[in-house]
Amino acid sequence: MSEKVSRRYVNGLILLGIILSVSLFYGIIIFNYVFVPFFGPGAPQGITLIWGMSASPSNLDPTDSWDNQANTVIRQCTESLWWYNYSDPEFPLIRMLAEDEHWISSTQLRVTCRAGVFFHDRTPFTADAAIWNLERLEYLCNHTGYLDPVTQRVAKTASLYEFPDGTPIIDHFTKISLLVFDIHLTAPFSDLLDIYAYICGNMLSPTAHASQAERFITLQETLIGTGPFIFDEYVADIEVRFDKNEYYNGPPGWEEPPYFDKLVFSIISDPFTRSYAMLYGDIDWIQEANTDLYDNYRESPYVTLHENEIPEFDVAYLGMNYNTINETWRKAISYAVNYTYFISDYHQDTVLRAYSPVSPAFGSYYKEGIEVIAPYMNYKIARQAILDGLGADARLAGLTATEYGDEPTNDANWDTTNLITFNFTGFKNLYRVHMLSMFQFWLRRIGINVTDGLTTNSYLAILPRPKLNMELFLYAWSPDYLSPMNLIQPLMSNTSSCNAAEVNDPQMETWFVQWSVTTDFAKRVELCHNISEYITTVLYSHVWLYYPKIVTIHAADLYNCPYNALGHFWAYPIRRNYTWEPY
């Protein structure tokens, strides 16, 4: 047997035997109306892996790719100089098309390309090919200044290759030999390998894509990379198809061609249709399954529902305007929020409590023990922070720092005393309305009045640009490349356009500079730990709420599946067990 036989296929064979035993006449009729559907999408066609995609890719160009669907398509057939090992739970940064690299100075990195690598059109991968791709990226980000503003647009991803103030990170590239080249920076930037590990750094054949050197690849065109799968075709809103790269020879550990002959991304936008397709065996892997069917997946012998022990890199938070909400109020709010409500009540334990912007998914960068020193819901501490901050203010007469419920009279005094008023903005209208009532309830207990702020449309119109009329606001942040500073610096640097909380802290700015010039891993870890603790216990610029859990759902006969903290799909290591029995 060359491919998995779907349950629809098996049921069809059983039904066929019954049909033939009754009569040929009725068998023909029933076959046409009942049996044929069992040989639909689930019918085997070679060794094929089918991934149920939730939406069509927005583009096919690595330099302009921002959404998960486009990134997933590009990831199967192209590769970057450095990459994250999706099959390792620790998610380490590894060499992919690079053989070696070392810093000549704080602004010059020398890179050696891996020898013997060929693009799918048999063009060799060399220093020239790498430079062609990286210069194309700089051109389409308009960092060379040659884009025509009338006829050409800047890549959506341009900000990834800029410092927070908009200055380009890259100055130029220099070829040293056939396989060696240098990357010259405009200023020290220690996360250089990480930004090139993002999809924008994936390499295309300079031969096949010569005509696209100064423009984006369209959805009607193709991709020629070095990856384990060869791009076949994209049928708009239907599917994306790949063929096996028989000549694939990856870095150590990935020297063999991929296992599957065919890889198909079946685009099923309706979440219920897609979710039941997974349950019925029509697809092997699902993106964004309906959570209402999780119990069905868990109970099915044909489906594996895998929940990562480590959560996502993303973090959800309540931002607090640094200019209009001082440290006293920020600390008090941090201790007045009911974190358990977010975790257990609202999100039904599909998320984990966040203690800083740095998720445990960052490995060593996560500060162990921060759980003990981070804020938690404690009205006594919140009230004491207010009393300490406001001192002998006359408005505090009759208010004491006791836990809520210990002294009803004192609770009533806090509830009826309007010490200060802040507006609240939340993403998505229904969510905003619901969370507004919750924050009004929680903060009323420490004398803070909360009023409705921006509507969802107004909120989206101004983010990520900082505005003074946003005081308390709910949002979430995802890193584009896997450096903890890609989470922290955009949210808190005084030069960042994403600093919606308007944080302006000298200590943080000093640390940002230190991070940019520090390439020693142990020193970077120590620096990240210091920053995390400072943010959580001193700065109080945000209330860190939760990290989403990663749930992966796929056919139970698949193994070597790459479970990772980004939830990213990568087909290369996956295998199918044809001897597997569900019972």
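Residues numbered from 1 in each chain as written. Predicted model: local features only at pLDDT ≥ 70, side-chain atom pairs only at ≥ 80, totals over all residues. Heavy atoms only, no water.

Description of a nonpolar patch on the surface
Part 1 of the reasoning: On the surface, a nonpolar cluster with roughly 330 Å² of combined accessible area is contributed by Phe-272, Tyr-276 and Tyr-280.
Part 2 of the reasoning: Note on placement: Tyr-280 falls in the loop between α6 (271-279) and β11 (285-286). (Patch = residues over 30% accessible without salt bridge, like charges linked within 9 Å, V, L, I, M, F, W, Y side chains within 5 Å. Areas by Shrake-Rupley, 256 points an atom, 1.4 Å probe, with all protein chains shown as cover. Salt bridge = Lys/Arg side-chain N within 4 Å of Asp/Glu carboxyl O. Helix = DSSP H or I, 4+ residues; strand = E, 2+ residues; numbered from the N terminus.)

So, the packing of aromatic side chains
Aromatic rings in a pair are described by how distant their centres are and how their planes are angled relative to each other.
Part 1 of the reasoning: In this structure the tally under the stated criterion is 36 aromatic pairs.
Part 2 of the reasoning: When the ring of Phe-313 is compared with that of Phe-362, the centres are 4.7 Å apart and the planes differ by 75°; the resulting orientation is edge-to-face. Taken together, the positions of Phe-313 in the loop between β12 (303-307) and β13 (315-320) and Phe-362 in the loop between β14 (351-353) and α10 (370-373) put the pair 49 residues apart, joining distant regions of the chain. Here Phe-313 matches Phe-362 in class, with each residue buried.
Part 3 of the reasoning: Of note, Arg-122 hangs over the ring of Phe-118, and the distance from its end group to the ring centre comes to 4.7 Å.
Part 4 of the reasoning: Across the ring face of Tyr-247, the terminal group of Arg-122 is positioned such that the distance to the ring centre comes to 5.1 Å. (Phe/Tyr/Trp six-rings, centres within 6.5 Å; stacked < 30°, edge-to-face > 60°. Buried < 20%, exposed > 50% of the residue type's maximum accessible area, 1.4 Å probe, protein only. Lys NZ or Arg CZ within 6 Å of the ring centre and 35° of its normal.)

Description of the sheet that holds strand β15 (residues 420-425)
Part 1 of the reasoning: The mixed open sheet is built from six strands, whose spatial order is β14-β18-β13-β17-β15-β16. The open sheet is flanked by β14 and β16 (448-452), the only strands paired with a single partner. Ignoring strand direction, the axes of neighbouring strands in this sheet form an average angle of 30°.
Part 2 of the reasoning: Note that β15 and strand β17 (residues 472-477) share two bridges and pair parallel. From the neighbouring strand, Thr-425 faces β17, where its bridge partner is Phe-473.
Part 3 of the reasoning: Lying over the sheet, helix α13 (residues 429-444) contacts β13, β15, β16, β17 and β18 (542-548), oriented at roughly 165° with respect to β16. (Pairing = 2+ DSSP bridges. Axes fitted to C-alpha atoms, helices over the stretch in contact; angles between N-to-C directions. Contact = heavy atoms within 4.5 Å.)

Observations regarding the sheet that holds strand β4 (residues 98-105)
Part 1 of the reasoning: Pairing is antiparallel across the open sheet formed by four strands, whose spatial order is β4-β5-β7-β6. Since the sheet does not close on itself, it has two edges, and those belong to β4 and β6 (170-175), each with one partner. Taken over all neighbouring pairs, the strand axes of this sheet differ in orientation by 20° on average, direction set aside.
Part 2 of the reasoning: Pairing of β4 with strand β5 (residues 108-113), which is carried by six bridges, proceeds in the antiparallel orientation. If you follow Ser-105 over to β5, its bridge partner there is Gln-108.
Part 3 of the reasoning: Across the sheet, helix α4 (residues 127-140) touches β5, β6 and β7 (180-185), and the angle it forms with β6 is around 160°.

Some details on the confidence of the model for the protein chain
Part 1 of the reasoning: Of all residues in the protein chain, 90% attain a pLDDT of 70 or more, and the chain-wide mean is 88.
Part 2 of the reasoning: The low-confidence segment residues 1-46, where pLDDT is below 50, has 51 contacts with residues more than four positions distant or belonging to other chains. (pLDDT = per-residue confidence, 0-100.)

A few points about the pattern of salt bridges
Part 1 of the reasoning: Tallied over the entire structure, the rule returns 19 salt bridges.
Part 2 of the reasoning: Residue Arg-153 pairs with Asp-64 through a salt bridge whose shortest N-O separation is 2.4 Å. With a gap of 89 residues between them, Arg-153 in the loop between α4 and β6 and Asp-64 in the loop between β1 (48-53) and α3 (68-77) connect regions that are remote in the sequence.
Part 3 of the reasoning: A salt bridge links Arg-576 to Asp-557; the shortest N-O distance between them is 3.3 Å. With a gap of 19 residues between them, Arg-576 in strand β21 (residues 575-576) and Asp-557 in the loop between β19 (551-555) and β20 (558-559) connect regions that are remote in the sequence.
Part 4 of the reasoning: The structure contains a network of salt bridges with shared partners spanning Asp-64, Arg-153 and Lys-156.

Considering the side chain of Thr-536
Part 1 of the reasoning: Structurally, Thr-536 is set in helix α17 (residues 521-539).
Part 2 of the reasoning: In terms of polar contacts, Thr-536 uses its side chain to reach the backbone carbonyl oxygen of Tyr-355, at 3.0 Å. (Polar contact = N/O pair within 3.5 Å; in protein donor to acceptor, adjacent residues only side chain to side chain.)

Topic: the nonpolar core
Part 1 of the reasoning: Formed by 118 residues in total, the largest nonpolar core has its most connected members in Leu-81, Phe-125, Phe-181, Ile-183, Tyr-196, Met-492 and Met-508.
Part 2 of the reasoning: For this core, the element with the most residues is α4, which contributes eight residues.
Part 3 of the reasoning: Not counting residues within four places of it along the chain, the set of residues in contact with Ile-183 comprises Thr-107, Gln-108, Leu-109, Val-111, Leu-134, Ile-170, His-172, Phe-173, Leu-192 and Tyr-196.
Part 4 of the reasoning: The next biggest cluster of nonpolar side chains, apart from the first, holds 43 residues, and it includes Met-320, Leu-387, Trp-414 and Phe-422. (Core = buried A, V, L, I, M, F, W, Y, C linked by side-chain atoms within 4.5 Å.)

Regarding the packing of helix α11 (residues 379-390) against helix α12 (residues 408-416)
Part 1 of the reasoning: Following both chains from N to C, one finds α11 and α12 inclined at 60°, their axes separated by 13 Å at the closest point. Accordingly, the angle class assigned to the pair α11 and α12 is oblique. In the packing of α11 onto α12, the handedness of the crossing is left-handed. Where α11 approaches α12, its residues Arg-383, Ile-386 and Leu-387 are matched on the opposing element by Asn-410, Asp-411 and Trp-414.
Part 2 of the reasoning: Tallied by class, residues from the contact of α11 with α12 come to three nonpolar, one polar and two charged. (Parallel < 35°, antiparallel > 145°, perpendicular 65-115°, else oblique. Left-handed = near helix turned anticlockwise from the far one by under 90°. Nonpolar A, V, L, I, M, F, W, Y, C, P; charged D, E, K, R; others polar.)

Concerning the pairing of β1
Part 1 of the reasoning: When you tally the buried positions in β1, you get six out of six residues, the bulk of the element.
Part 2 of the reasoning: Because side chains alternate across β1, one face comprises the buried residues Thr-48, Ile-50 and Gly-52, and the other comprises Leu-49, Trp-51 and Met-53, equally buried.
Part 3 of the reasoning: For β1 and strand β10 (residues 262-267), the ladder comprises six bridges, and the chain directions are parallel. Bridging across to β10, Met-53 finds its partner in Ile-267.
Part 4 of the reasoning: With two bridges joining them, β1 and β11 adopt parallel strand pairing.

Some remarks on α6
Part 1 of the reasoning: Along α6, the positions that sit buried rather than exposed are Arg-274, Ser-275, Ala-277, Met-278 and Leu-279.
Part 2 of the reasoning: By the N-cap criterion, in which a side-chain oxygen at the helix start approaches the backbone nitrogen of a residue two or three places on, α6 is capped by Asp-270, the distance to Phe-272 being 3.2 Å.
Part 3 of the reasoning: Downstream of α6 by a residue or two, Gly-281 has a phi angle that is positive, lying close to 85°.

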